Amino acid sequence: MRTAVEPNFLQWDQVICLLQIPDEDLQWLVDTQQLLEIPNQDHQLFDSRDVDRLIDSYRKTAQRRAI
């Protein structure tokens, strides 16, 4: 039986640190809808599961290019 993983919400600065990219690159990911922001009045939030999927996608792409 699969259990649902609860989302963990990350703020903009946390995603920057996790991905180790500059602000402009994170903005590009948002603009190109590769990473979706969660509407919030106080902060720009991201679902950690979306960030994990983005990382996995980029890893798989890098592995294919290395072959």
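Refer to the structure presented above.
Residues numbered from 1 in each chain as written. Predicted model: local features only at pLDDT ≥ 70, side-chain atom pairs only at ≥ 80, totals over all residues. Heavy atoms only, no water.

**Topic: the packing of helix 1 (residues 12–19) against helix 2 (residues 23–31)**
Rules: A fitted line through C-alpha atoms represents every axis, and for helices the fit uses only the stretch in contact; the resulting angles, taken between N-to-C directions, go from 0 to 180 degrees. Note on conventions: DSSP H or I runs of at least 4 residues are helices, E runs of at least 2 residues are strands, and numbering of each starts at the N terminus. When describing relative orientation, an angle under 35 degrees is termed roughly parallel and one over 145 degrees roughly antiparallel, while 65 to 115 degrees is termed roughly perpendicular and anything else oblique. The contact criterion used throughout is that any non-hydrogen atoms of two residues lie within 4.5 Å.
Direction vectors running N to C along helix 1 and helix 2 enclose 105 degrees, while the axes themselves pass 10 Å from each other. When the interaxial angle is binned, helix 1 and helix 2 end up roughly perpendicular. Contact residues: helix 1 offers W12, V15, I16 and L19, while helix 2 offers D23, L26, Q27, L29 and V30.

**Observations regarding the side chain of D47**
Convention followed: The classification of residues rests on relative accessible area computed with a 1.4 Å probe and restricted to protein chains. Under 20% of the type maximum is buried, over 50% is exposed, and intermediate values are partly exposed. Polar contacts here mean pairs of N or O atoms no more than 3.5 Å apart (in protein, one a potential hydrogen donor and the other a potential acceptor; neighbouring residues in sequence count only if both atoms are side-chain atoms).
Within the element layout of this structure, D47 appears in strand 3 (residues 45–47). Relative accessible area serves as the criterion here: at 9%, D47 is assigned to the buried category. Looking at D47, its side chain comes within polar contact range of the side chain of R49, at 2.7 Å. Residue contacts for D47: discarding those within four places in its chain leaves P7, N8, F9 and I38.

**Considerations on the pattern of salt bridges**
Once their charged atoms are close, side chains differing in charge can pair, the charge on each being opposite to the other. Our working rule: Each salt bridge in this description consists of a side-chain nitrogen of Lys or Arg and a carboxyl oxygen of Asp or Glu lying within 4 Å of one another.
Following the criterion strictly, the structure yields 3 salt bridges and no others. One salt bridge in this structure joins R53 and D50, with 2.5 Å as the shortest N-O distance. Linking R53 with D50, this pair stays in helix 3 (residues 48–66), spanning 3 residues, or about one helical turn.

**Some words on helix 3**
Note the following rule: In this analysis, the expected span of each helix is defined as 1.5 Å times one less than the number of residues it contains. When we speak of the arc, we mean the arc of directions from the helix axis to the C-beta atoms.
With 19 residues, helix 3 extends 27 Å from end C-alpha to end C-alpha; this agrees with the ideal 27 Å at 1.5 Å per step. S48, V51 and L54 are the residues of helix 3 that are buried. Down the axis, helix 3 shows its buried residues gathered within 120 degrees of arc, on one side only. Every exposed residue of helix 3 that faces more than 90 degrees away from the buried side is listed here: R53, K60, Q63 and R64. Packing partners of the buried residues in helix 3 comprise strand 1 (9–11), helix 1, helix 2 and strand 3.

**Thoughts on the packing of aromatic side chains**
For the record, the criterion: By convention, a stacked pair of Phe, Tyr or Trp rings (six-membered ring in the case of Trp) has centres within 6.5 Å and planes under 30 degrees apart, an edge-to-face pair has planes over 60 apart, and any other such pair is tilted.
A complete count under the given rule lists 1 aromatic pair for this structure. With a centroid separation of 5.9 Å and an interplanar angle of 45 degrees, the aromatic rings of W12 and F46 are classed as tilted. Of this pair, W12 sits in helix 1 while F46 sits in strand 3, placing them 34 residues apart in sequence. Residue W12 is classed as buried on the basis of its relative accessible area of 12%.

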